[in-house]
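# What the coordinates show
Here are the chains, one letter per residue:
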Amino acid sequence: MKITVKTTLAALAALAMTACQQNKFHVEGEIANAEDSVLYFENVALTGIEVLDSTKLAADGRFDFSGDAPSAPEFYRLRIGDQIVNIAIDSTETVTVKGDAHALATNYTVEGSENCQKIRELALKQIALQEQAIALERNSQLDRDVVRDSLLRLLQAYKEEVKRDYIFAAPNRSYAYFALFQTLGPWLIFDPKANADDVKVYAAVATSWDTYYPGAQRGENLHNIAIEGMKNVRILDQRSSLPVSESKVVEAGIIDIELPDNKGVMRRLSSLKGQVVLLDFHVFAMEESPQRILMLRELYNKYHAQGLEIFQVSLDGDEHFWKQQTAALPWISVYDEDGLQSRCLVSYNVSQLPEYFLIDRQNNLVKRSAQMKDLESEIKTLCQN
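Just so it is clear, the model here is predicted, and its values are computed rather than measured.

Reading across from one edge, β3-β2-β5-β6 is the order of the four strands in this open sheet, with antiparallel pairing throughout. Each edge of the open sheet is held by one strand with a lone partner, namely β3 (48-56) and β6 (83-89). Here the strands of the sheet are splayed against their neighbours by 25 degrees on average, with no regard to which way each runs. Pairing geometry for strand β5 (residues 74-80) and β6, over seven bridges, is antiparallel. Paired with arginine 77 across the two strands is asparagine 86, which belongs to β6. Across the sheet, helix α2 (residues 114-138) touches β5 and β6, and the angle it forms with β6 is around 145 degrees.

Right, dumping it as structure tokens:
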């Protein structure tokens, strides 16, 4: 049999094409009730969300995306509007997703990847947790202490289940990594900045990834988070054992707060003696923040001329975001870079956010939120005195 140069080149080209195809992963499937909707395929990278591809869906809702197989597990997502399906890719697998655009985040199936199936389970559990937390918060028959304790028990039970069934069961898997970064509202469920047990969870996954995916950026990032978390926990332990400095307690007994405002000027809570002060601990990244800021603005506009001042302490993780949100606010807005590890939260015994206190004109701490049925009525009374 004669082998010509032309035949050899054709064979080599076919081999090259086959090799190229073998080094690709595929995410395919169909989304019902999505005609003319745009389906995005995005990389959930360490540096942020990056759109890789998109398609306008036809009546049958079929789609097919592909990409180069990663050397270590990588995370992607399918998105229509704000409806998201999270995907993990380990190598060259084909993942098949079928869902309904009317409730894509909860109403979908996935085949071809155990990691993606486990991530679906975790996503549904997280949604259920969020719904339970909202129901507790909205239950007007429960006082704040009961709500707080119930939320803590709910969260702890969730963490124990996820640690047992998803993280420690297989710390090298993509779904274990995914579980570390689940959130409840704006906060991480597993908080490596303040919880020693949570730091150990991050460290366990980081160690496993070192073994299975040496040199992977995500594994190195986990190590950095764990190391930083250990430092933060030690600092918090030291702080909690220290008494409050006498210089922080003013004559009337309030614990003073001194932090920079959104223009970089240091502002002291005690300097507002002679005014009625609403001391507000706030996180602008919270979903309900816009409505709450609107409520505060109405109170400020109505009572500022009568002596009301708002001293708002932001505990957001993103300082730039905080500055954007507070640029047009008329009251005092200060920033605590320690965030949820703030010493101010410990000093004022703040266990949930948002939280607020009223301070009278003599710098006396009068009431906290749980003691007030009508905030405006309380402010009006103090302003008249």
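Once the structure has been displayed, the description carries forward.
A separate point is the nonpolar core. In globular proteins that are soluble, nonpolar side chains generally tend to be buried together. Counting 33 residues, the largest nonpolar core has Phe75, Leu122, Val162, Ile167, Leu180 and Leu222 as the members making the most contacts within it. Ranked by residues supplied to this core, first place goes to helix α3 (residues 144-167) with seven residues. Look past the residues within four positions of leucine 222 in its chain and what remains in contact with it is Tyr177, Leu180, Phe181, Tyr202, Val205 and Ala206.

Let us now look at the packing of helix α7 (residues 289-303) against helix α10 (residues 375-384). One can describe the packing of α7 onto α10 by two numbers: an axis separation of 11 Å at closest approach and a directional angle of 25 degrees. Comparing their axes, α10 and α7 come out roughly parallel. Read as a crossing pair, α7 and α10 show a hand that is right-handed. For the pair α7 and α10, the contacting residues are Met295, Leu299, Lys302 and Tyr303 in the first and Leu375, Glu376, Ile379, Lys380 and Cys383 in the second.

In this section: the pattern of salt bridges. With the rule as written, the count across this model stands at 19 salt bridges. Two residues, lysine 323 and glutamate 319, come together in a salt bridge whose shortest N-O distance is 4.0 Å. Of the two residues, lysine 323 and glutamate 319 both sit in helix α8 (residues 319-326), four residues apart, roughly one turn of that helix. A relative accessible area of 38% places glutamate 319 in the partly exposed class. In this structure, a network of salt bridges that share partners links the residues Glu30, Asp60 and Arg62.

Strand order in the open sheet formed by four strands is β4-β1-β7-β8, and the pairing between neighbours is mixed. The sheet is open, and its two edges are formed by β4 (62-68) and β8 (108-111), each paired on a single side. For this sheet, the mean inter-axis angle between neighbouring strands, taken without regard to orientation, is 15 degrees. Note that strand β1 (residues 24-32) and β4 share seven bridges and pair antiparallel. Within the sheet, the bridge partner assigned to glutamate 30 lies in β4 and is arginine 62. Taken strand by strand, α2 contacts β7 (94-100) and β8, and its axis lies near 155 degrees from that of β8.

What follows covers helix α5 (residues 196-212). Side chains that are three or four residues apart share a direction in an α-helix, a result of its 3.6 residues per turn. An ideal rise of 1.5 Å per residue puts 24 Å on 17 residues; α5 measures up with 25 Å between its terminal C-alpha atoms. Turning to α5, its buried residues are Asp198, Val199, Val201, Tyr202, Val205, Ala206, Ser208 and Trp209. Of the residues flanking the start of α5, the one acting as N-cap is asparagine 195, its side-chain oxygen 2.9 Å from the backbone nitrogen of aspartate 197.

The rules behind these values
- Residues numbered from 1 in each chain as written.
- Predicted model: local features only at pLDDT ≥ 70, side-chain atom pairs only at ≥ 80, totals over all residues.
- Heavy atoms only, no water.
- Pairing = 2+ DSSP bridges.
- Helix = DSSP H or I, 4+ residues; strand = E, 2+ residues; numbered from the N terminus.
- Axes fitted to C-alpha atoms, helices over the stretch in contact; angles between N-to-C directions.
- Contact = heavy atoms within 4.5 Å.
- Core = buried A, V, L, I, M, F, W, Y, C linked by side-chain atoms within 4.5 Å.
- Buried < 20%, exposed > 50% of the residue type's maximum accessible area, 1.4 Å probe, protein only.
- Parallel < 35°, antiparallel > 145°, perpendicular 65-115°, else oblique.
- Left-handed = near helix turned anticlockwise from the far one by under 90°.
- Salt bridge = Lys/Arg side-chain N within 4 Å of Asp/Glu carboxyl O.
- Expected span 1.5 Å × (residues − 1).
- Polar contact = N/O pair within 3.5 Å; in protein donor to acceptor, adjacent residues only side chain to side chain.

These figures capture arrangement, not role.
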